[in-house]
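Below, each chain spelled out in residue letters.
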Amino acid sequence: MKSAFRAVVVGVGHLGQHHARILSALDNVDLVGVIDADRDRARRISSEYGTDVIEDIGPVLGRVDGVIVAVPTQDHLVVAAPLLEAGVSVLVEKPIASSSSEAEVLLRTAESSGATLAVGHTERHNPAVVAARSLISSPGFIEVHRLSTFQSRSLDIDVVFDVMIHDIDIVLSLVGSNPVSVEAVGIPVLTERVDIANARLRFENGCIANLTASRISREQVRKLRVFQPHALVTVDYAEQQLEAWRVSRSKDGSPSVHGGPVEVATVEPLECEIRDFVHSVRNGSEPGVTGTAGRQALVVAEAITNEMEDTNRLSEVDRVS
């Protein structure tokens, strides 16, 4: 039996605390400690999950197999790059970095040291999404709604980088093609940054994806619909539910629709993500969401926000005119 996988969590806020929870419960995993700028929070989380508070990660690098970085996005580069440079594998929360140029630095650093770089696009590990992949072969139109109630966190980034980027990553992985055009609109409502946005992506292979994200909704909706020739696949991310419908024709040529719910074995996606990271580090295999995939999602998110800014500037000109 292999020795325990030794892990550290840097940043035990809203999401990082759940990384600590899961790591502390996994077999053959040793949660060496947690780090957080809020020392009281670090002590509380460490006590709850039976681990230590680490003041400085430097002295423990030699006895750590992997680090989960769950600090605010603007700190991803400064925290993750030195770890990767030291040869320590890193799972960094989404988005991979504040900009695609910063993401490129992380990719080059990981490649140079040989460390694994994984990105926390948790929905890729959602059992309903995993099960849906075998049913999707040639998507022609994809529609996504991710609507959330207002939360006073992650307000350092707009809704595209906060929540829509989950669906950007999913869509890119399903289509397997690059977007050739982007149309987008978005406005700030309750914060100084964009709180609700819609983007329309057209891909090289002809597929079109329409994505809507909001963090000011009165209801929670997280649904994906994929339309392809003679078939429809729907995913409810939150409920981990999957439905598949197909059109067939009888001998006389009349169409009929058949299908319905597809059985999905529910499990916490974050646990699947962490297990995938541990497995990839142990076996030297590619993680489920690579640094390259994380950068690609970020590039598209940047294109969407740039398009929104251009659209808003044009609106300002129209008002002045």
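Refer to the structure above for everything that follows.
What counts as what
Residues numbered from 1 in each chain as written. Predicted model: local features only at pLDDT ≥ 70, side-chain atom pairs only at ≥ 80, totals over all residues. Heavy atoms only, no water. Pairing = 2+ DSSP bridges. Helix = DSSP H or I, 4+ residues; strand = E, 2+ residues; numbered from the N terminus. Contact = heavy atoms within 4.5 Å. Axes fitted to C-alpha atoms, helices over the stretch in contact; angles between N-to-C directions. Buried < 20%, exposed > 50% of the residue type's maximum accessible area, 1.4 Å probe, protein only. Polar contact = N/O pair within 3.5 Å; in protein donor to acceptor, adjacent residues only side chain to side chain. Parallel < 35°, antiparallel > 145°, perpendicular 65-115°, else oblique. Left-handed = near helix turned anticlockwise from the far one by under 90°. Salt bridge = Lys/Arg side-chain N within 4 Å of Asp/Glu carboxyl O.

Strand pairing in a sheet relies on backbone hydrogen bonds. The paired strands run either parallel or antiparallel. Read from one edge to the other, the open sheet built from six strands follows the order β3-β2-β1-β4-β5-β6, with strand pairing classed as parallel. The sheet is open, and its two edges are formed by β3 (52-53) and β6 (117-120), each paired on a single side. Across four bridges, strand β5 (residues 89-93) lies against β6 in parallel orientation. Bridging from a neighbouring strand, V92 pairs with V119 of β6. Strand contacts of helix α7 (residues 269-283): β1 (5-10), β4 (66-69), β5 and β6, with the helix running at about 155° to β5, the strand carrying the most contacts.

If you trace the backbone, S46 turns up in helix α2 (residues 39-48). On the accessibility criterion, S46 (6% relative accessible area) is buried. Here the side chain of S46 touches R43 through a polar contact of 2.9 Å, landing on its backbone oxygen.

Contact geometry for helix α3 (residues 76-85) and helix α4 (residues 100-113): axes closest at 8 Å, N-to-C directions at 15°. Looking at the two axes, α3 sits roughly parallel to α4. Two packed elements cross with a definite hand, and for α3 against α4 that hand is left-handed. Of the residues in α4, those in contact with L77, A80, A81, L84 and E85 of α3 are E102, V105, L106, T109, A110 and S113.

This model, assessed by the stated rule, comprises 13 salt bridges. One salt bridge connects D65 with R6, and the closest N-O pair in it is separated by 2.9 Å. With D65 in the loop between β3 and β4 and R6 in strand β1, this pair connects stretches of sequence that are 59 residues apart. D65 gets classed as partly exposed once you look at its relative accessible area, which sits at 23%. The partner of R146 in a salt bridge is D167, with the nearest N and O atoms 2.7 Å apart. Residue R146 is found in strand β7 (residues 141-147), and its partner D167 is found in helix α6 (residues 159-175); the two are separated by 21 residues along the sequence.

By themselves these figures say nothing about function.
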